[in-house]
Amino acid sequence: MGKILVCRCEDVTLHELEQAIERGHDDLESLKRYTGFGTGWCQGKSCVALCAHLLRQHGGSAELPITPRPPLHPLPLRDLAGLADVAEDDVAKGRPPQ
C-alpha cells in the first residue's frame, strides 16, 4: 500500500501520526508539534478533523484546539504564490496585470 497523506500541506502520513501516538503524543497540540500537521498553508483546515478522529480512536484527547501559527507579517497572496516578480515585470513592460 502507498503512503496515506493526512496533512497534504506538510506531507504528514497516517503512519507517522500512528507512530507519534504510540510514542506518547496523546493530545492534539503535542501531536501537531511532533509531526507538523496543521502548520502548513491551510493551518489545519483540511487535516485537523482527521487527526483528531485518529487520536480519539487511539485513546487520546482532542478536546482542545491546536494553536494556529499564521505568518508573522501579513503578506499579499501574490507573494505567497510566488507571483510578485511576475506582476512587477508585467507593470514594468506595460502589460495588464493577470
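Since the model is a prediction, treat every value here as computed from it, not as a measurement.

Caption draft 1: Representation of the overall build of the chain in the model. The secondary structure content of the chain amounts to five helices and two strands. Counting from the amino terminus, helix and strand elements in the chain follow one another as β-β-α-α-α-α-α. Dimensions of the chain along its principal axes, counting C-alpha atoms only, are 60 × 35 × 15 Å. Among the 98 residues that make up the chain, the fraction classed as buried is 31%. Within the chain, residue pairs in contact and separated by at least 24 positions form 52% of the contacts whose partners lie at least 6 positions apart. Split by element, the accessible area of the chain, about 7100 Å² in all, is 56% carbon and sulfur. Charge separation in the chain, taken as the distance between the mean sites of 11 positive and 14 negative side-chain charges, equals 3 Å.

Caption draft 2: Layout of the side chain of Thr13. Mapping Thr13 onto the fold places it in strand β2 (residues 12-13). Of the residues examined, Thr13 reaches a relative accessible area of 8% and is grouped as buried. Residues contacting Thr13, with those up to four places away along its chain left out, are Lys3, Ile4, Leu5 and Val6.

Caption draft 3: Representation of a nonpolar patch on the surface. On the surface, a nonpolar cluster with roughly 460 Å² of combined accessible area is contributed by Trp41, Leu75, Leu77 and Leu80. Following the sequence through the fold, Leu80 ends up in helix α4 (residues 77-80). You can call Leu80 partly exposed: its relative accessible area is 31%.

Caption draft 4: Here's a closer look at the nonpolar core. The biggest cluster of nonpolar side chains holds 16 residues, and the ones touching the most others in it are Leu17, Leu28, Leu31, Phe37 and Cys51. When contributions to this core are tallied by element, the ones reaching two or more residues are β1 (5-7), α1 (14-22), α2 (28-35) and α3 (48-57). Looking at which element gives the most residues to this core, the answer is α3, with four residues. For Phe37, the residues in contact, after removing those within four places along its chain, are Cys7, Val12, Leu17, Leu28, Leu31, Lys32, Cys47, Val48, Cys51 and Ile66.

Conventions we followed
- The residue numbers shown here count from 1 along each chain, following its written sequence.
- Only residues with pLDDT of at least 70 are given local features in this predicted model, and only at 80 or more are side-chain atom pairs given and counted; all residues enter the totals for whole chains, interfaces and linings.
- Heavy atoms throughout the structure, all of them, feed into the side-chain values; hydrogens and water do not.
- Secondary structure elements follow DSSP: runs of H or I no shorter than four residues count as helices, runs of E no shorter than two count as strands, and numbering proceeds from the N terminus.
- Only protein chains enter the area calculation, which uses a 1.4 Å probe; residues under 20% of their type maximum are buried, those over 50% are exposed, and those in between are partly exposed.
- The criterion used for residue contact is that any of the two residues' heavy atoms lie within 4.5 Å.
- Using the Shrake-Rupley algorithm and a 1.4 Å probe, accessible areas are obtained, with residue cover drawn only from the displayed protein chains.
- We score Asp and Glu as negative and Lys and Arg as positive, and we do not count His or the chain ends.
- Charged groups are reduced to one reference atom each: NZ for lysine, CZ for arginine, CG for aspartic acid, CD for glutamic acid.
- Patch membership is restricted to residues that have no salt bridge and whose relative accessible area is over 30%. Joining uses 9 Å for like charges and 5 Å for the nonpolar side chains Val, Leu, Ile, Met, Phe, Trp and Tyr.
- Salt bridge, as used here: a side-chain nitrogen of Lys or Arg that lies within 4 Å of a carboxyl oxygen of Asp or Glu.
- Here the nonpolar core consists of buried residues drawn from Ala, Val, Leu, Ile, Met, Phe, Trp, Tyr and Cys, with membership extended through side-chain atoms lying within 4.5 Å.

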